[in-house]
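Breakdown of the fold
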Amino acid sequence: MPLLKWNKELSVEINSIDEQHKKLIQMLNNLFTALKNDEEANYLRQMLKGLAEYTVEHFQYEEDLMQEHGYDGYAEHKAEHDRFVSKVSEFRKKFDSDDEDLAIEMLDFISDWIQGHIMGTDKKYSPFLLGKGVG
Ligand code: FEO
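The N-to-C vectors of helix H2 (residues 40–68) and helix H3 (residues 74–96) enclose an angle of 165°; their axes lie 11 Å apart at closest approach. Our classification of the angle between H2 and H3 gives roughly antiparallel. When you trace H2 past H3, the crossing you get is left-handed. The residue makeup of the contact of H2 with H3, split by class, is 13 nonpolar, 4 polar and 6 charged.

Given below as structure tokens:
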């Protein structure tokens, strides 16, 4: 059973963005399953790669939309994205030094991110972008 199932509470009502967010949720669920099966060591490298891709593709996608339409919460939003990027870089260093707590730390961080950023900060742009015809 996955840790987190997609549901409408997670939706920002913009399909292209929801699809990108689903990839992060899938990574979280994969990590959870790997931890349960004591196989996290095998999944961490793949997840770090996935997270790096997510930061480039997804964050850029949102940032471009916000800038293109003049969203005034842009700077604050981008600062949160930058914090995530720094965290992934920290995770990479911990992976390279075989930190035993890394998998749990990543699980906690991504869970908190989904709740705080996707369900909080991301949802704030929905009415604005929908009003601009995005979606
Ligand atoms: Fe969907 Fe702002 O990350």
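Here the narrative resumes.
A word on a negative patch on the surface. Where like charges cluster on the molecular surface, the negative patch consists of Asp96, Asp98, Glu100 and Asp101. Examined against the element boundaries, Asp98 turns out to sit in the loop between H3 and helix H4 (102–131).

Okay, the packing of helix H1 (residues 15–36) against H4 next. The interhelical angle for the contact between H1 and H4, taken along N-to-C directions, is 160°, at an axis separation of 10 Å. Taken together, H1 and H4 sit at an angle that is classed as roughly antiparallel. Our pair here, H1 against H4, has a crossing hand that is left-handed. On the side of H1, the interface is formed by Ile17, His21, Leu24, Ile25, Leu28, Leu31, Phe32 and Leu35, while H4 contributes Ala103, Ile104, Met106, Leu107, Ile110, Ser111, Trp113, Ile114, Ile118, Asp122 and Tyr125.

So, on to H3. A rise of 1.5 Å per residue sets the reference length of H3, with its 23 residues, at 33 Å; its end C-alpha atoms lie 33 Å apart and thus fit the reference within 8%. Among the residues of H3, Tyr74, His77, His81, Phe84, Val88, Phe91 and Phe95 are the ones counted as buried. Residues of H3 that are buried in the fold lie against H1, H2 and H4. The positive-phi residue at the C-terminal boundary of H3 is Asp98, with phi of around 55°.

This part is about the packing of aromatic side chains. In total, this model carries 9 aromatic pairs according to the counting rule given. Ring plane angle 50° and centroid distance 5.5 Å describe the contact between Phe84 and Phe109, whose orientation is recorded as tilted. Within this pair, whereas Phe84 is found in helix H3, its partner Phe109 is found in helix H4, the two being separated by 25 residues in sequence. According to the relative accessible area criterion, Phe109 is buried, its value standing at 11%. Ring geometry for Phe91 against Phe109: centres 5.7 Å apart, planes inclined by 75°, an arrangement best described as edge-to-face.

Right, let's talk about the environment of His69 for a bit. With respect to the helices and strands, the residue His69 is situated in the loop between H2 and H3. In this structure the C-alpha to C-alpha distance between His69 and Gly133, which are 64 residues apart in sequence, comes to 10.0 Å. His69 has contacts with Phe128, Leu129, Lys132 and Val134, leaving out every residue within four places of it along the chain.

Leu24, Leu51, Phe84, Met106 and Ile110 are the most contacted members of the largest nonpolar core, which has 27 residues in total. Mapped onto this core, the elements with two or more residues apiece are H1, H2, H3 and H4. Broken down by element, the residue count for this core peaks at 9 residues, all from H4. Leu51 has contacts with Leu24, Met27, Phe84, Val88, Met106 and Ile110, leaving out every residue within four places of it along the chain. The next biggest cluster of nonpolar side chains, apart from the first, holds 10 residues, and it includes Leu65, Tyr71, Tyr125 and Leu129.

Calculation rules
Residues numbered from 1 in each chain as written. Predicted model: local features only at pLDDT ≥ 70, side-chain atom pairs only at ≥ 80, totals over all residues. Heavy atoms only, no water. Axes fitted to C-alpha atoms, helices over the stretch in contact; angles between N-to-C directions. Helix = DSSP H or I, 4+ residues; strand = E, 2+ residues; numbered from the N terminus. Parallel < 35°, antiparallel > 145°, perpendicular 65-115°, else oblique. Left-handed = near helix turned anticlockwise from the far one by under 90°. Nonpolar A, V, L, I, M, F, W, Y, C, P; charged D, E, K, R; others polar. Patch = residues over 30% accessible without salt bridge, like charges linked within 9 Å, V, L, I, M, F, W, Y side chains within 5 Å. Areas by Shrake-Rupley, 256 points an atom, 1.4 Å probe, with all protein chains shown as cover. Salt bridge = Lys/Arg side-chain N within 4 Å of Asp/Glu carboxyl O. Lys, Arg positive; Asp, Glu negative; His and termini not counted. Charge placed at Lys NZ, Arg CZ, Asp CG, Glu CD. Contact = heavy atoms within 4.5 Å. Expected span 1.5 Å × (residues − 1). Buried < 20%, exposed > 50% of the residue type's maximum accessible area, 1.4 Å probe, protein only. Phe/Tyr/Trp six-rings, centres within 6.5 Å; stacked < 30°, edge-to-face > 60°. Core = buried A, V, L, I, M, F, W, Y, C linked by side-chain atoms within 4.5 Å.

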